[in-house]
Amino acid sequence: MSAWNDFNDAEDQTLFDVIPAGTLLKVRLSIRPGGYNEPTMGWNDGYATCNDVTGAVYLNSEFVVLDGPYARRKVWTLIGLHSPKGPNWANMGRTLVRGILQSARGIRSDDRSPQAQKARQIQTFAELDGLEFVARVAVEPDQQGGEKNVIKAAVTPEHKQYGQLMGVVVNQAPVNTVQQQPAVQPQQGEQPSFPSEPPSWA
């Protein structure tokens with residue numbers, strides 16, 4: 001057994017290059033609760049986080065890659081909910097959440113059926129925690145002058161690779177014939193740190 005103060009035989013750190021932009025991956029979403037509530041918005045579950053400096057509100061999100069060559073890699077992204085500077089931050093967040101729900105629940109983006117409309121609704125942010133879906137990876141600058149991966153889009157059932165990545169059979173026929181997938185129940189897990197900050201314009 002190694003001496004507690006001798007690290008010569010410890011394994012070297014594993015340094016990862018960023019995942020190429022545009023890569024499609026099956027991921028699981030975990031949200032680190034920030035303890036911020038705003039009853040007028042219906043945010044009562046403590047999942048939202050508020051930046052004390054900018055006033056931006058977001059979901060502090062981690063995406064774990066589940067399969068393939070990047071399995072177990074993690075990507076951190078802030079999902080915007082509100083910004084004092086304007087609606088763009090929240091609108092981008094709403095677009096991403098819509099995509100996540102559609103991808104996780106097997107809903108085509110052009111499906112306007114009552115079932116699809118209900119699948120795009122949540123009662124609490126806790127319903128997002130633990131969802132598994134297909135994400136499109138993006139690359140953007142980090143705070144140290146390098147690059148980092150982020151998730152800005154989810155892939156829905158009309159994409160030709162969706163079924164393969166999700167491990168389901170998808171009927172590519174016209175809307176309303178897509179096989180609906182049940183929502184994945186949230187899973188309990190560790191809550192790691194999320195070293196991200198809202199963009200300067202949020």
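In the block above lies the structure referred to throughout.
Residues numbered from 1 in each chain as written. Predicted model: local features only at pLDDT ≥ 70, side-chain atom pairs only at ≥ 80, totals over all residues. Heavy atoms only, no water.

(A) Quick peek at the overall build of the chain. Helix and strand counts for the chain stand at three helices and seven strands. The linear arrangement of helices and strands in the chain, starting from the amino end, is β-β-β-β-β-α-α-β-β-α. Contacts spanning at least 24 positions in sequence make up 60% of the contacts within the chain whose residues lie at least 6 apart. A total accessible area of about 11,900 Å² is found for the chain, and carbon and sulfur atoms account for 50% of it. (Helix = DSSP H or I, 4+ residues; strand = E, 2+ residues; numbered from the N terminus. Contact = heavy atoms within 4.5 Å. Areas by Shrake-Rupley, 256 points an atom, 1.4 Å probe, with all protein chains shown as cover.)

(B) Here's a closer look at the packing of aromatic side chains. Under the criterion given, the structure shown has two aromatic pairs. Seen from their ring centres, Trp43 and Phe125 are 6.3 Å apart, and the 45° between their planes marks the pair as tilted. In this pair, Trp43 is assigned in strand E3 (residues 43-50) and Phe125 in the loop between helix H2 (114-119) and strand E6 (132-141), connecting sequence segments 82 residues apart. Both residues of the pair, Trp43 and Phe125, count as buried. Measuring from centroid to centroid gives 5.9 Å for Phe63 and Phe133, while their planes differ by 80°, and the two rings are edge-to-face. With Phe63 in strand E4 (residues 57-65) and Phe133 in strand E6, the pair connects residues that are 70 residues apart, well separated along the chain. (Phe/Tyr/Trp six-rings, centres within 6.5 Å; stacked < 30°, edge-to-face > 60°. Buried < 20%, exposed > 50% of the residue type's maximum accessible area, 1.4 Å probe, protein only.)

(C) Up close: the environment of Phe63. The exposure class of Phe63 is buried, given its relative accessible area of 1%. When the C-alpha atoms of Phe63 and Val75 are compared, they prove to be 5.1 Å apart, with 12 residues separating the residues in sequence.

(D) Just unusual backbone geometry, in detail. At Arg72, a residue that is not glycine, the phi angle is positive and equals roughly 80°. Of note, Arg72 is situated in the loop between E4 and strand E5 (74-82).

(E) Here's a closer look at the pairing of E6. Relative to E6, strand E1 (residues 24-32) runs antiparallel, the two sharing five bridges. Looking across to E6, one finds that Val27 is bridged to Phe133. (Pairing = 2+ DSSP bridges.)

(F) Local environment of the layout of surface pockets. In this structure, the largest pocket occupies an estimated 950 Å³ of space. Contributing to the lining of the largest pocket are 36 residues, with Trp76, Glu140, Lys148, Asn149 and Val150 lying nearest its centre. Elements with a minimum of two residues in the lining of the largest pocket: E5, helix H1 (88-105), E6 and strand E7 (147-155). No other element matches E5, which puts seven residues into the lining of the largest pocket. Considered class by class, the residues forming the lining of the largest pocket number 18 nonpolar, nine polar and nine charged. Counted as a void, the second largest pocket has a volume near 520 Å³. Trp43, Arg94, Val97, Ile122 and Phe125 are, among the 19 residues lining the second largest pocket, the residues nearest its centre. Within the residue set of the lining of the second largest pocket, elements represented by two or more residues are E5 and H1. Tallying contributions element by element places H1 first for the lining of the second largest pocket, with seven residues. (1 Å grid on protein atoms, 1.4 Å probe; cavity = no way out; pocket = protein on both sides within 12 Å on 5 of 7 lines; lining within 4 Å. Points joined across faces, edges and corners; volume = space filled by probe spheres on them. Nonpolar A, V, L, I, M, F, W, Y, C, P; charged D, E, K, R; others polar.)

(G) Spatial organisation of the side chain of Thr156. Tracing the backbone shows Thr156 in the loop between E7 and helix H3 (162-166). You can call Thr156 buried: its relative accessible area is 10%. Apart from residues no more than four positions distant in its own chain, Thr156 is found in contact with Gly99, Gln102, Ser103, Ile107, Ser109 and Tyr162.

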